[in-house]
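# Structure at a glance
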Amino acid sequence: MNKKVLWIGIPIAVIVIVIWSLVSWYIGTRNMLVHLEESVSSNWAEVDNQLQRRSDLIPNLVSTVRGYAAHEHDIFTSIAESRARLAGAGGVAETAEASAQLESALSRLLVIVENYPQLKADQNFIRLQDELAGTENRLAVARRRYNEGVREFNTRIRFFPASFVANQMGLERQPYFEISEAAREAPIVTF
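Keep in mind the model is a prediction, meaning the values are calculated, not measured. (Residues numbered from 1 in each chain as written. Predicted model: local features only at pLDDT ≥ 70, side-chain atom pairs only at ≥ 80, totals over all residues. Heavy atoms only, no water.)

Positionally, Ser-82 belongs in helix α2 (residues 73-87). Of the residues examined, Ser-82 reaches a relative accessible area of 1% and is grouped as buried. Those residues in contact with Ser-82 that sit more than four places away from it in its chain are Ala-98, Gln-101, Leu-102 and Ala-105. (Helix = DSSP H or I, 4+ residues; strand = E, 2+ residues; numbered from the N terminus. Buried < 20%, exposed > 50% of the residue type's maximum accessible area, 1.4 Å probe, protein only. Contact = heavy atoms within 4.5 Å.)

Shown next as structure tokens:
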């Protein structure tokens with residue numbers, strides 16, 4: 001009788017261990033994917049936060065420059081349009097393109113500043129330019145972190161066997177924050 005219980009007990013124990021292992025793996029994989037998805041969302045929120053910070057600094061910078069370079073109307077219009085487009089951007093790709101357009105307009109503004117030595121010495125302008133430079137650095141770091149998070153997330157949801165859990169959860173690849181080809185070209189400023 002003892003041998004019969006042993007023969008039945010061992011397979012049941014093995015089945016319980018296998019089921020427990022599979023359930024543990026599933027829960028661990030699902031939790032890891034949820035963590036990565038939230039990390040991507042958090043990193044995107046930081047990119048969005050830095051874009052908003054830059055957008056908030058720009059009116060102050062423009063008004064400071066406008067006092068010195070009132071006849072440079074085109075650049076101010078371009079900055080306003082770019083800023084509005086960035087504020088209304090819907091997704092990662094649209095935000096990246098709008099951000100690149102705004103960066104191009106800002107670089108043209110800073111080139112124009114070179115023609116106004118009094119402006120370059122103005123303390124408000126210097127402070128705003130430093131704030132903008134700091135914001136651009138934080139934005140670059142935030143974009144890099146976002147893209148690293150996206151790379152990790154996209155890799156994990158494609159790995160076998162975690163891809164089964166990702167498919168069951170309805171997870172899809174996230175887009176990278178990339179600039180458009182047109183934004184890769186240096187801006188041309190003519191006087």
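Within this structure, the stated rule accounts for seven salt bridges. Residue Glu-103 is joined to Arg-54 by a salt bridge in which the shortest nitrogen-to-oxygen separation is 3.2 Å. Of the two residues, Glu-103 sits in helix α3 (residues 92-113) while Arg-54 sits in helix α1 (residues 2-68), which places them 49 residues apart along the sequence. Accessibility expressed as a relative area gives 25% for Glu-103, which makes it partly exposed. One salt-bridge network, in which partners are shared between bridges, spans Arg-54, Glu-103, Glu-136 and Arg-143. (Salt bridge = Lys/Arg side-chain N within 4 Å of Asp/Glu carboxyl O.)

There is a patch of nonpolar side chains on the surface, built from Ile-10, Val-14, Val-18 and Leu-22 and spanning about 360 Å² of accessible area. Position of Ile-10 relative to the elements: it lies in helix α1. (Patch = residues over 30% accessible without salt bridge, like charges linked within 9 Å, V, L, I, M, F, W, Y side chains within 5 Å. Areas by Shrake-Rupley, 256 points an atom, 1.4 Å probe, with all protein chains shown as cover.)

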